[in-house]
Amino acid sequence: MSIVKRNHEEQVFVNRESELEELERAFNSTKAGRGVTVFLEGEAGVGKTALFDHFSERLGPHGARILRGRCLYKDDVEPYMPFIDALEPKKTGPVMRDCLPVGLIGLRMEEEKEESPDIPVGLFNTKDADSRILDSGNVEQERERMFNSVRSSISNLAHSKPVVFFIDDLQWADRASLQLLHYIARHVRQAKVMLVCAFRPEELSLEEGEHGLLDIFRRMNEEKLSTTIRVNRMGRESISAIVQGMLEAEDIPDTFINKVYSESEGNPYFVVEVIKSLCEEGVIDPTSHVWSTMRDIEKLSLPGGLMDIVSRRVAKLDYKTKKILMHASAIGSHFEFKILQRALEMDEEELLDVLDQLIEMHLIIEEPSKDGEVFRFDHVQIRQVVYDGLSRSRARVMHKKIGELIEQECSDRLGEVVYILARHFHAGQIWEKGFKYSLMAGESAQSLFAFDEAQKYYLQSVECLERLGNDFSGGRNGVMQEKALLYLRLGELAYGSGRFLGAIEFHKSALELSKKLGDRGLEAEASCRIGLAKSQKGDYKDAEKDLDRALDIFTEENQHLSMALANRGLGYCHWRAGELDDALAHYAAAVESAQDAGDSHLLGTMYIDIGNVHNHRGDFENGLKYYNMAIEELEQVKDYSEIARAYNNIGDVHIQMEKWDTAIEYLDKSVQSAKKIH
Ligand SMILES: Nc1ncnc2c1ncn2[C@@H]1O[C@H](COP(=O)(O)OP(=O)(O)OP(=O)(O)O)[C@@H](O)[C@H]1O
Ligand SMILES: [Mg+2]
């Protein structure tokens with residue numbers, strides 16, 4: 001057994017040789033250009049983070065570039081949180097700035113903002129996932145393009161030395177992060193990038209339905225993308241070594257070690273907390289080194305579980321200190337001094353004294369940050385215990401106040417804190433603001449292709465509206481109007497992610513509300529979308545009814561673009577049902593409306609549809625005519641992915657005509673167009 005004394009006072013690192021060896025093997029493979037993904041799986045407090053810390057210390061700053069991102073417990077679900085955390089330039093300094101392309105990953109330091117205000121700040125340089133992308137069926141492609149830019153930035157960082165990217169507490173990751181992780185894991189196999197992800201398996205069964213991580217974990221295993229190191233509880237010898245290391249004493253009675261070992265069941269965090277607790281209670285005097293100062297060991301009462309021991313330490317704090325910790329826990333895993341102080345309305349010096357005391361007790365630590373004075377909880381468990389211990393009404397009051405303070409403090413950059421504000425105002429039951437910021441958070445998540453998070457925020461926004469009821473500034477009708485619009489967005493999102501059944505349900509809710517409101521435009525919009533989703537599900541006859549109803553209203557109201565979309569949907573239904581003449585008639589009407597609306601993109605894509613119908617019929621001449629018309633329109637809007645599709649279909653026609661050379665020529669053009677997509 002090895003015992004390694006660590007830099008800071010009482011911390012030692014014991015055992016874990018085989019786990020470290022396994023990590024080192026993975027790292028050697030990464031160094032040789034064959035990146036790997038390693039999961040560290042183990043219960044709370046068993047030592048996953050400590051294992052990674054020790055491993056990264058061993059690698060040293062010259063061996064690898066270490067990136068660390070955390071997922072946060074019950075915090076703002078900001079999409080891609082661990083990636084933003086790890087790649088933030090404030091943390092990584094100039095190195096990161098030199099390696100990453102401007103406009104991609106958080107790339108500008110604050111001071112640069114004024115020099116070049118037009119370059120977007122933020123993690124992702126992405127085209128907004130607006131309705132057009134959601135409707136076009138290009139969601140996967142667009143998302144992949146965005147993921148690829150993040151992946152290539154990480155790979156670029158690995159050119160000079162291998163990158164070890166650690167994501168801690170993955171059990172709390174948002175779905176978008178899990179998808180990005182899966183994507184990156186697939187692509188690191190030819191890069192000097194090692195991914196290490198720690199998670200608690202026991203938390204995966206707590207969620208209703210299947211936990212997102214379980215799904216990704218299983219798929220990554222099936223694709224042989226990852227290996228798993230199980231971080232197990234420790235044996236008596238290791239526990240004994242931790243106790244000795246902490247107390248810097250060797251003559252510790254066996255009875256005491258046995259008791260701590262059996263109560264802890266080999267969980268090192270439990271041991272560390274028990275010792276701290278006994279020192280705080282004065283049962284052990286850590287400065288005396290004389291073991292005999294201990295009271296009767298046999299009678300010593302130790303708390304029953306990990307949460308108990310943390311609770312017991314917190315419970316012993318005086319009221320003022322506890323209140324400070326409670327406010328901090330409501331702010332988040334990290335908390336800024338200024339916000340905490342204003343939330344507590346406390347004197348600066350007085351608060352600093354208490355924070356110093358909390359640091360000394362290893363309950364919080366100060367975070368290095370250029371952003372002001374930021375603290376965080378020393379261990380995730382501590383925040384978990386304190387936060388979960390808040391009564392609902394107390395939590396509500398705190399969140400309300402914190403939300404208001406952050407809104408004031410960040411009034412010039414509200415867009416950057418929408419997730420934080422959505423959480424505080426929702427939890428603080430300030431429904432109007434909860435509605436506003438949840439909607440903004442949903443929009444922001446949607447623009448980053450984080451559809452699950454976007455859905456969560458839109459639903460939260462609906463909830464806030466319902467809670468507001470008649471108090472909403474727009475009155476009862478205003479609530480219904482906003483809700484209908486939110487349901488349309490939710491339907492759109494579901495449609496864009498291929499969940500057609502869900503899309504139909506959301507649009508039906510919008511339809512119901514539009515009828516209550518007597519809003520014909522909204523009614524038509526919802527009906528049209530229901531029809532489109534049904535047609536994607538293959539219910540063509542049913543879809544026709546909804547689309548017909550929508551078309552009637554759109555025609556009444558002279559809405560050309562919408563008429564084009566409804567007719568296009570009808571054309572598709574008839575085509576799929578084998579009614580080709582009807583299909584062409586609807587497409588012709590759709591073309592007319594799209595021309596009236598002056599929408600080249602829509603026209604171009606519809607010409608492809610029409611070409612397909614002719615092609616289907618064996619009328620190659622007309623097929624080719626429409627594909628060429630499509631290319632002409634699409635060139636104007638530079639939609640290379642659709643242009644590639646048109647060329648591909650021309651190639652296909654030539655294959656059917658057995659004109660092989662021309663087919664190859666057009667398929668090649670299709671490839672050339674696809675290459676222009678960026
Ligand atoms: N090998 C070790 N040697 C000495 N102490 C350890 C060791 N592993 C863990 N510990 C102690 O146990 C505490 C908890 O470990 P750690 O934070 O790594 O657990 P974890 O598995 O990451 O838990 P969580 O799931 O809650 O994040 C650490 O603060 C450390 O003091
Ligand atoms: Mg941990």
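Keep in mind the model is a prediction, meaning the values are calculated, not measured. (Residues numbered from 1 in each chain as written. Chains lettered and ligands numbered in written order. Predicted model: local features only at pLDDT ≥ 70, side-chain atom pairs only at ≥ 80, totals over all residues. Heavy atoms only, no water.)

1. Section: the overall build of the protein chain
Reasoning step 1: A tally of helices and strands in the protein chain yields 32 helices and 10 strands.
Reasoning step 2: Counting only residues that meet the buried cut, the protein chain has 54% of its 678 residues in that class.
Reasoning step 3: Sequence separation of 24 or more characterises 67% of the internal contacts of the protein chain that already satisfy a separation of 6 or more.
Reasoning step 4: Here the protein chain has roughly 30,400 Å² of accessible surface; of this, 47% comes from carbon and sulfur atoms. (Helix = DSSP H or I, 4+ residues; strand = E, 2+ residues; numbered from the N terminus. Buried < 20%, exposed > 50% of the residue type's maximum accessible area, 1.4 Å probe, protein only. Contact = heavy atoms within 4.5 Å. Areas by Shrake-Rupley, 256 points an atom, 1.4 Å probe, with all protein chains shown as cover.)

2. A closer look at the sheet that holds strand 9 (residues 364-367)
Reasoning step 1: Within the open sheet, the 3 strands sit side by side as 8-10-9. Their pairing is antiparallel. In this open sheet, the two edge strands, each paired with only one partner strand, are strand 8 (334-336) and strand 9. Across the sheet, the mean angle from the axis of one strand to that of its neighbour is 30°, orientation sign disregarded.
Reasoning step 2: Strand direction decides the pairing type here: strand 9 and strand 10 (residues 374-377), joined by 4 bridges, are antiparallel. Bridge pairing in strand 10 links Ile364 to Phe377. (Pairing = 2+ DSSP bridges. Axes fitted to C-alpha atoms, helices over the stretch in contact; angles between N-to-C directions.)

3. Description of unusual backbone geometry
Reasoning step 1: Not every positive phi belongs to a glycine, and Glu265 is a case in point at roughly 50°.
Reasoning step 2: Structurally, Glu265 can be placed in the loop between helix 12 (254-264) and helix 13 (268-280).
Reasoning step 3: Positive phi is not limited to glycine here, since Glu658 has a value of about 60°.
Reasoning step 4: With respect to the helices and strands, Glu658 occurs in the loop between helix 31 (640-656) and helix 32 (660-675).

4. What to know about the nonpolar core
Reasoning step 1: In terms of nonpolar packing, the biggest core is built from 148 residues, with Tyr80, Leu170 and Val243 touching the most fellow members.
Reasoning step 2: Counting residues in each nonpolar core, the second largest holds 30 residues, with Ala590, Leu603, Tyr607 and Tyr640 among its members. (Core = buried A, V, L, I, M, F, W, Y, C linked by side-chain atoms within 4.5 Å.)

5. Things to note about helix 9 (residues 175-187)
Reasoning step 1: Counted at 1.5 Å a residue, the expected span for helix 9 with its 13 residues is 18 Å, and the 19 Å between its end C-alpha atoms agrees.
Reasoning step 2: Along helix 9, the residues classified as buried are Ala176, Ser177, Leu178, Leu180, Leu181, His182, Tyr183, Ile184 and Ala185. (Expected span 1.5 Å × (residues − 1).)

6. Some details on the packing of aromatic side chains
The geometry of an aromatic ring pair is captured by two quantities: the separation of the ring centres and the angle between the planes.
Reasoning step 1: A full pass over the atoms with the stated rule returns 21 aromatic pairs.
Reasoning step 2: Considering the side-chain rings of Phe425 and Tyr437, the 5.8 Å spacing of their centres and the 20° angle between planes classify their relative orientation as stacked. Of this pair, Phe425 sits in helix 20 (residues 418-427) while Tyr437 is found in helix 21 (residues 431-447), placing the two residues 12 residues apart along the sequence. The pair formed by Phe425 and Tyr437 is uniform in burial state, with each residue classed as buried.
Reasoning step 3: Pairing Tyr572 with Trp575 gives two aromatic rings, centres 6.3 Å apart and planes at 70°, and the pair type is edge-to-face. In this pair, Tyr572 and Trp575 are both assigned in helix 27 (residues 560-576), 3 residues apart and thus about one turn of the helix distant.
Reasoning step 4: We classify Trp575 as buried; its relative accessible area is 15%.
Reasoning step 5: Taken together, the aromatic side chains of Phe27, Phe52, Phe55 and Phe166 make up a single cluster linked through ring pairs.
Reasoning step 6: Between Lys456 and the ring centre of Tyr457, over which it is positioned, the NZ or CZ distance is 4.7 Å. (Phe/Tyr/Trp six-rings, centres within 6.5 Å; stacked < 30°, edge-to-face > 60°. Lys NZ or Arg CZ within 6 Å of the ring centre and 35° of its normal.)

7. A closer look at the site of ligand 1
Reasoning step 1: Gly45, Lys48, Thr49, Ala50 and His379 are the nearest of the 23 residues found near ligand 1.
Reasoning step 2: Take His379: an N or O atom from its side chain is 2.7 Å from an oxygen atom of ligand 1.
Reasoning step 3: Relative to its unbound accessible area of 620 Å², ligand 1 is 93% covered by the protein chains.
Reasoning step 4: Among the elements of the structure, strand 2 (12-14), helix 2 (48-63), helix 13 and helix 18 (380-388) are those that each provide at least two residues to the shell around ligand 1.
Reasoning step 5: Looking at the shell around ligand 1 residue by residue, the class counts come to 12 nonpolar, 6 polar and 5 charged. (Near = heavy atom within 4 Å. Polar contact = N/O pair within 3.5 Å; in protein donor to acceptor, adjacent residues only side chain to side chain. Nonpolar A, V, L, I, M, F, W, Y, C, P; charged D, E, K, R; others polar.)

8. Regarding the packing of helix 23 (residues 475-496) against helix 25 (residues 520-537)
Working note: a packed helix pair is described by the angle between its axes plus the distance between those axes.
Reasoning step 1: Look at helix 23 against helix 25: their axes get within 11 Å of each other, and the N-to-C directions meet at 20°. One element, helix 23, and the other, helix 25, form an angle in the roughly parallel class. Regarding helix 23 and helix 25, the two cross each other, and that crossing is left-handed. Two secondary-structure elements touch here, helix 23 through Gln481, Ala484, Leu485, Leu488, Glu492 and Tyr495 and helix 25 through Leu522, Glu525, Ala526, Arg529, Leu532, Ala533 and Gln536.
Reasoning step 2: In terms of residue class, the contact of helix 23 with helix 25 is made up of 8 nonpolar, 2 polar and 3 charged. (Parallel < 35°, antiparallel > 145°, perpendicular 65-115°, else oblique. Left-handed = near helix turned anticlockwise from the far one by under 90°.)

9. Concerning the packing of helix 16 (residues 337-344) against helix 17 (residues 348-360)
Reasoning step 1: Contact geometry of helix 16 with helix 17 gives a least axis separation of 11 Å together with a crossing angle of 115°. Classified by the angle their axes make, helix 16 and helix 17 are roughly perpendicular. Helix-helix and strand crossings are classified by hand; for helix 16 and helix 17 the assignment is right-handed. Where helix 16 approaches helix 17, its residues Phe337, Leu340, Gln341 and Leu344 are matched on the opposing element by Glu348, Leu351, Leu352 and Leu355.
Reasoning step 2: Here the contact of helix 16 with helix 17 is composed, by residue class, of 6 nonpolar, 1 polar and 1 charged.

10. Looking at the pattern of salt bridges
Once the charged atoms of two side chains with opposite charge are near each other, the side chains can pair.
Reasoning step 1: Applying the stated criterion across every chain, the model contains 41 salt bridges.
Reasoning step 2: Between Lys537 and Asp539 there is a salt bridge whose closest N-O contact spans 3.1 Å.
Reasoning step 3: Note on Lys537: relative accessible area 37%, which makes it partly exposed.
Reasoning step 4: Arg549 is the partner of Asp546 in a salt bridge, and the nearest nitrogen-oxygen pair spans 3.7 Å. Here Asp546 pairs with Arg549, and both are found in helix 26 (residues 540-556), just 3 residues apart, close to one helical turn.
Reasoning step 5: Where salt bridges share partners, they join Lys534, Asp542, Lys545, Asp546 and Arg549 into one cluster. (Salt bridge = Lys/Arg side-chain N within 4 Å of Asp/Glu carboxyl O.)

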